[in-house]
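Working through the structure, step by step
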Amino acid sequence: MCRQCEINPVWEFTNKRKLCKTCFAKYFRRKINYTIRKFCLIEKGDKVGVAVSGGKDSMATLFVLNDFCKKNRSELIALFIDEGIKCSGKNYRDKGKKYIEKFCKDNNIEFIETSFEKEYKLTLNKKLSQIKKIKISNCFVCSILKRALLNKIARSKGITKLATGHSLDDEAETIILNLVKGDIKLLAKLGPIAGVLHNRKFAARIKPLYLCTTKEIVLFARLMNIKYDSKICPIRSDTLRIKIRKFLSGLEKQHPEVKRAIVNSYLKIMPLLKLKFKDRKINYCEICSEPTSTGKCKTCWVLKKLE
Ligand code: AMP
Ligand code: ZN
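Residues numbered from 1 in each chain as written. Chains lettered and ligands numbered in written order. Predicted model: local features only at pLDDT ≥ 70, side-chain atom pairs only at ≥ 80, totals over all residues. Heavy atoms only, no water.

1. Here we look at the overall build of the chain
Quick reminder of the rule: For the purposes of this entry, the term helix denotes a DSSP run of H or I that reaches at least four residues, the term strand denotes a run of E that reaches at least two, and both are numbered from the N terminus. Here the globule rule is a power law, 2.2 Å times the number of residues to the power 0.38, and the radius of gyration is based on C-alpha atoms. For every residue, the accessible area obtained with a 1.4 Å probe (protein chains only) is divided by the maximum for its type, and the residue is called buried under 20%, exposed over 50%, and partly exposed between those limits. Values of accessible area rely on a 1.4 Å probe in the Shrake-Rupley scheme; residue burial ignores everything except the protein chains shown.
Helix and strand content of the chain: twelve helices and eleven strands. The C-alpha atoms of the chain give a radius of gyration of 20 Å, which matches the 19 Å a tight globule of 307 residues would have. Dimensions along the principal axes, computed over C-alpha positions, put the chain at roughly 65 × 45 × 40 Å. A burial count over the chain gives 48% of its 307 residues as buried. Within the structure as shown, the chain displays about 16,900 Å² of accessible surface, and the carbon and sulfur contribution to it stands at 54%.

2. Details of the packing of aromatic side chains
Let me state the cut-off plainly: Ring pairs are drawn from Phe, Tyr and Trp, using the six-membered ring of Trp, whenever the two centres fall within 6.5 Å, and their geometry is named by plane angle: stacked under 30 degrees, edge-to-face over 60, tilted for the rest.
Taken as a whole and judged by the stated rule, the model has eleven aromatic pairs. Ring geometry for Phe24 and Phe28: centres 6.2 Å apart, planes at 35°, overall tilted. Remark: Phe28 and Phe24 occur in helix α1 (residues 21-38); sequence separation between them is four residues, near one turn of the helix. Residue classification places Phe24 among the buried positions, given a relative accessible area of 0%. Given the relative accessible area of 0%, Phe28 is considered buried. Within the aromatic cluster, the residues linked to one another by ring pairs are Trp11, Phe13, Phe24, Tyr27, Phe28, Phe63, Phe103 and Phe220.

3. With respect to the site of ligand 1
The following threshold applies: Whether a residue is near a molecule or strand depends on its heavy atoms: if one lies within 4 Å, it is near. Whenever two N or O atoms come within 3.5 Å, that pair is a polar contact, provided that in protein one can donate a hydrogen and the other can accept it, and provided that, for residues adjacent in sequence, both atoms are side-chain atoms. Lys, Arg, Asp and Glu make up the charged group, whereas Ala, Val, Leu, Ile, Met, Phe, Trp, Tyr, Cys and Pro make up the nonpolar group; the residues left over, Gly among them, are polar.
Around ligand 1, the structure places 13 residues, and the nearest of them are Ala51, Ile81, Glu83, Lys146 and Gly165. Taking Ala51, its main chain carries an N or O atom lying 2.6 Å from an oxygen atom of ligand 1. A distance of 3.1 Å separates a nitrogen atom of ligand 1 from a polar atom in the side chain of Lys146. Relative to its free-state accessible area of 480 Å², ligand 1 is covered by the protein chains to the extent of 73%. For the shell around ligand 1, the element with the most residues is strand β4 (residues 75-82), which contributes three residues. Partitioning the shell around ligand 1 into residue classes produces five nonpolar, five polar and three charged.

4. Let's talk about the sheet that holds strand β7 (residues 110-115)
Short version of the rule: Paired strands, in this sense, are two strands between which DSSP finds at least two bridges. Helix axes are fitted only over the stretch in contact, all axes being lines through C-alpha atoms; the angle between N-to-C directions runs from 0 to 180 degrees. Working rule for contacts: check all heavy atoms of both residues, and any pair within 4.5 Å makes them a contact.
One open sheet holds the five strands; their spatial order is β7-β4-β3-β8-β9, and the pairing between them is parallel. Unpaired on one side and paired on the other, β7 and β9 (204-206) mark the two borders of the sheet. Strand-to-strand, the axes of this sheet are offset by a mean angle of 30°, without reference to chain direction. The sheet contact formed by strand β3 (residues 47-51) and β4 spans five bridges and is parallel. Bridge pairing in β4 places Ala51 opposite Leu79. Across the sheet, helix α2 (residues 56-71) lies against β3, β4 and β8 (161-163), angled at about 160° from β3, the strand it touches most.

5. Here we look at the coordination of the zinc ion (ligand 2)
Metal coordination angles in their ideal form are 109.5 degrees for the four-donor tetrahedron and 90 or 180 degrees for the six-donor octahedron. The following threshold applies: Sites may look incomplete because water is not among the atoms; the donors themselves are N, O and S atoms within 2.8 Å of the metal, or within 3.2 Å for Na, K and Ca. Square planar and octahedral sites, with four and six donors, are those where opposite donors lie more than 155 degrees apart and all other angles lie between 65 and 115, tetrahedral sites have four donors with every angle between 85 and 135 degrees, and the rest are irregular.
The coordination sphere of the zinc ion (ligand 2), as far as protein atoms go, consists of Cys285 (SG), Cys288 (SG), Cys297 (SG) and Cys300 (SG), spread over 2.2 to 2.3 Å. One way to put it: the four donor atoms around the zinc ion (ligand 2) meet at angles of 105 to 116°, and that makes the site tetrahedral. For the zinc ion (ligand 2), the donor residues sit on a single chain with the sequence spacing C-x2-C-x8-C-x2-C. Of this pair, Cys285 sits in the loop between β10 (283-284) and β11 (291-292) while Cys300 sits in helix α12 (residues 298-305), and the two are 15 residues apart along the sequence. Classification of Cys285 as buried rests on a relative accessible area of 3%.

6. Points about the packing of helix α7 (residues 168-181) against helix α10 (residues 239-254)
Filter applied, for reference: Every angle not falling under 35 degrees, over 145, or within 65 to 115 is termed oblique; those three ranges are roughly parallel, roughly antiparallel and roughly perpendicular. By definition, any crossing whose near helix is turned counterclockwise from its far helix by less than a right angle is left-handed, and any crossing with a clockwise turn is right-handed.
With their axes 9 Å apart at the nearest point, α7 and α10 run at an angle of 120° to one another. One way to sum up the angle between α7 and α10 is to call them oblique. Both α7 and α10 take part in a crossing whose hand is right-handed. Facing α7, whose interface residues are Asp170, Ala172, Glu173, Thr174, Ile176, Leu177, Val180 and Lys181, α10 presents Leu240, Arg241, Ile244, Arg245 and Leu248. Taken together, the residues of the contact of α7 with α10 break down into seven nonpolar, one polar and five charged.

7. Structural notes on helix α11 (residues 258-277)
Which entries qualify depends on this criterion: Given the number of residues in a helix, its expected span is that number minus one, multiplied by 1.5 Å. Two axes are fitted around each residue, one to the seven residues ending there and one to the seven starting there, and the angle between them is reported as the bend at that residue.
For α11, built from 20 residues, the straight-helix expectation of 28 Å at 1.5 Å per residue is met to within 8% by its first-to-last C-alpha distance of 27 Å. At Ile269, α11 is bent by approximately 45°, the largest bend along its length, and proline Pro271 sits one to four residues beyond. Along α11, the residues classified as buried are Val258, Lys259, Ile262, Val263, Tyr266, Leu267, Met270, Leu273, Lys274 and Phe277. For α11, the secondary structure elements touched by its buried residues are α7, α8 (184-188) and α10.

Here it is in structure tokens:
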């Protein structure tokens, strides 16, 4: 039984404490408010954007930020990108987009959509064989192009904070991935506010679900009746990440809370890591003038490879 309400529980913590539906929803929202305050994710005067794909994590982020922003009188805008991915003959993003549009309409949230086709004159599906030839992963190409586009829209709309649906499970996985790859610079870029170098041309990327597990997000979405698309991307190719995901899930079953321990350990060393890379000089891309740490930004590099 839920300790507070003495009614049927929907959630049990690893220490066997249980929560009913109402108490779980309260606990989940409180955790997000705590995350926002503790890591200063949203402050007075911020204009908030949410990058929404239509999946459970980003739909839950949109749902909780809608309440948060209405309460705190912050403006909220939803951003959606169609990458041009086919799934069983249909567009992979169609279903998710419908859910985002409906939620935004019902809740009076501005909805902005664009596509790789419109902005880059390409679709991921049409570039698959070329991506394979140059031996980079589909997920790498997709994330580089998506991030640049989200930043461009965010800047044009005066968005100061751009929220994504990254969860505790995602973060634990990425921490281990960067360790395994030996990429400490990428490791330093993680955390509730992504990145190390801050520049007025970048909207700060924030992760309100940073302390929420996938299991908690799925339950919250179900209890709140949040509609989302549960399809997995048909062209995902991040094999090492998927191996680490499976490894951590197996470990979590035998040793509950390992993912949380990984993230908590990371949070302890994060200030030192960010400090280590803080003084790196920001350059501006010779092609598009966007900020970059080298002469040419990753977006221009990818686009050139795909010509
Ligand atoms: P992923 O790397 O696919 O797990 O996505 C991470 C986060 O990026 C999601 O939680 C969303 O916030 C955002 N995102 C992913 N795909 C899209 C998209 N097509 N349009 C807008 N935001 C997206
Ligand atoms: Zn560039």
